[in-house]
Amino acid sequence: MLSFFLLTNCSPNTKEVERKSATYHTAQILPDLFRSAPFENSMKLINGDFPKDFILMGFTKYPWLDLPLFFVLLTSYMFTLMGNIAIILVSQLDSQLQSPMYFFLTSLSFLDLCFTTTTVPQMLFNLQGPNKNITYIGCMAQAYVFHWLGCTECVLLGIMALDRYVAVCKPLRYSVIMDHRLCLQLSSTAWLTGLANSLLQSTLTIQLPLCGNQMLDHFFCELPGLIKMSCGNTTVNEITLSVVATFLIMGPLSMILVSYSYIAQTVFRIPSAAGRLKAFNTCSSHLLVVSLFYGPGIYIYMQPSEDGSQDLIKVLTLFYCVITPMANPFIYTLRNKDVIGAMRRLLRKAISTKGI
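Everything quoted here is computed from the prediction, not taken from an experiment.

A. Broad picture of empty space enclosed by the protein. The final tally for this structure, using the stated rule, is five cavities of 30 Å³ or more. Reported here for the largest cavity is a volume of approximately 200 Å³. In terms of lining residues, the largest cavity is bounded by 18 residues, among which Gly 150, Cys 151, Cys 154, Ile 249 and Tyr 301 are the most central. Contributing elements (two or more residues each) for the lining of the largest cavity: helix H5 (136-169), helix H7 (180-206), helix H9 (235-268) and helix H10 (273-301). Looking at the lining of the largest cavity, its residues break down into 13 nonpolar, five polar and no charged.

Encoded structure:
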């Protein structure tokens, strides 16, 4: 009986001693484990440790392209700035251009200014020397803003087609239907839709593990390129990107095609040849801009990530994020007598004021 009493009272202390001994033994072993390379790599992955910098590969396989591409981008960027700023100033300063069409054209020009400024300065910096790096924070910010502005332009081009439909098919009620309040609401819808999609897609993308990969095979940080860098399962990201891209590209594109089918029917019924020509010039300018923007976007965003040549994707991306914003002001001004007339009036006014 006494032995049983002693055994039961001593057993907790024995277990406590064993537990302390095991804890001490573990504490001695853990530092060695922490110092092992495999464990360090796994801890980096678990903690979401990402590189401080990314290396933008661009066309590094063709180093002789750096200098010509630098001057092409610099020239394009200067024309983009001058052309879009001119459109904004003319639309705001000339009283004869205070219509919904020029309100949306001003929004498009401002959007194109932001769109190119998000990427081109960084590309110029990387092309002018051996440094091809971009910081991790800068890369993520660029991805968020670029995707936001790109999605916004998709929706805005669809809204501009709707505006042209009302102007051509319902001319007597145009100013009543497309009042300033509705224009602001439609423009805000485009910007907020692009922002919501960018927050969703970009947030999903930056959570992907990179496993120390720093090489981004592109000129700048774009979501498809970042998804390809990941060492984890990207199925959800690819499906989400394809589905949302299909909705944001094909939705506005369908609205554009339907609008212009009605516009074409109305234009052919206009008795005056001058009236038909004016309507055709205005609408064809918008259709040309749509083709330049949507064509590359459909190829890049609406196909599986492993399909297609990466060099071709880079060229098409440069086309719709550099060439198209530069071409837009010239497409709208060279084919639009109202804008050309407004520019002449403003120039004459500026010259006369300077002469006085």
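On we go.
B. Here's a closer look at the pattern of salt bridges. With the rule as written, the count across this model stands at three salt bridges. Of the charged contacts, one joins Asp 217 and Lys 314 as a salt bridge, the two residues approaching to 2.7 Å between their closest N and O atoms. Of the two residues, Asp 217 sits in the loop between strand S3 (215-216) and helix H8 (223-229) while Lys 314 sits in helix H11 (residues 310-334), which places them 97 residues apart along the sequence. Of the residues examined, Asp 217 reaches a relative accessible area of 36% and is grouped as partly exposed.

C. Representation of the nonpolar core within the structure. Grouped together as the largest cluster of nonpolar side chains are 70 residues, with contacts concentrated most on Leu 157 and Tyr 294. Where this core is concerned, the elements lending two or more residues are helix H3 (66-93), helix H4 (100-127), H5, H7, H9, H10, H11 and helix H12 (337-355). The biggest single contributor to this core is H5, with 13 residues. Those residues within four positions of Tyr 294 in sequence are excluded, and the remaining contacts are Cys 154, Leu 157, Gly 158, Ile 249, Pro 252, Leu 253 and Ile 256. Counting 13 residues, the second-largest nonpolar core is a separate cluster that includes Phe 54, Leu 56, Leu 226 and Met 229.

D. Layout of the UniProt feature "transmembrane region" (unreviewed entry) in the protein. With numbering matched to this structure, UniProt assigns "transmembrane region" (unreviewed entry) to residues 67-90, 102-124, 144-162, 182-200, 239-263, 283-301 and 313-334. Between the C-alpha atoms that bound residues 102-124 the distance is 32 Å, and the span itself is 100% helix and 0% strand. Secondary structure content for residues 144-162 is 100% helix and 0% strand, and the end C-alpha separation is 28 Å.

E. View of the state of the cysteines. Counted according to the given criterion, the structure contains two disulfides. The side chain of Cys 139 participates in a disulfide bridge whose partner is Cys 221; the two sulfur atoms lie 1.9 Å from each other. A torsion of -120° about the S-S bond marks the disulfide between Cys 139 and Cys 221 as left-handed. Taken as a pair, Cys 139 in helix H5 and Cys 221 in the loop between S3 and H8 lie far apart in primary sequence, 82 residues in all.

F. Summary view of the packing of aromatic side chains. Scanning the model with the defined rule gives 14 aromatic pairs in all. Plain terms: the ring middles of Trp 148 and Trp 191 are 5.9 Å apart, the flat faces sit at 80° to each other, and that makes the pair edge-to-face. One end of the pair, Trp 148, is in helix H5; the other, Trp 191, is in helix H7, and 43 residues separate them in sequence. Taking relative accessible area as the criterion, Trp 148 reaches 26% and is therefore assigned partly exposed. Trp 191 sits in the buried class, given a relative accessible area of 19%. Members of the aromatic cluster, connected to one another through ring pairs, are Phe 115, Phe 146, Phe 220, Phe 293, Tyr 294 and Tyr 320.

About the cut-offs
Residues numbered from 1 in each chain as written. Predicted model: local features only at pLDDT ≥ 70, side-chain atom pairs only at ≥ 80, totals over all residues. Heavy atoms only, no water. 1 Å grid on protein atoms, 1.4 Å probe; cavity = no way out; pocket = protein on both sides within 12 Å on 5 of 7 lines; lining within 4 Å. Points joined across faces, edges and corners; volume = space filled by probe spheres on them. Helix = DSSP H or I, 4+ residues; strand = E, 2+ residues; numbered from the N terminus. Nonpolar A, V, L, I, M, F, W, Y, C, P; charged D, E, K, R; others polar. Salt bridge = Lys/Arg side-chain N within 4 Å of Asp/Glu carboxyl O. Buried < 20%, exposed > 50% of the residue type's maximum accessible area, 1.4 Å probe, protein only. Core = buried A, V, L, I, M, F, W, Y, C linked by side-chain atoms within 4.5 Å. Contact = heavy atoms within 4.5 Å. UniProt positions renumbered as here; feature names shortened; annotations may be inferred. Disulfide = S-S within 2.5 Å. Phe/Tyr/Trp six-rings, centres within 6.5 Å; stacked < 30°, edge-to-face > 60°.

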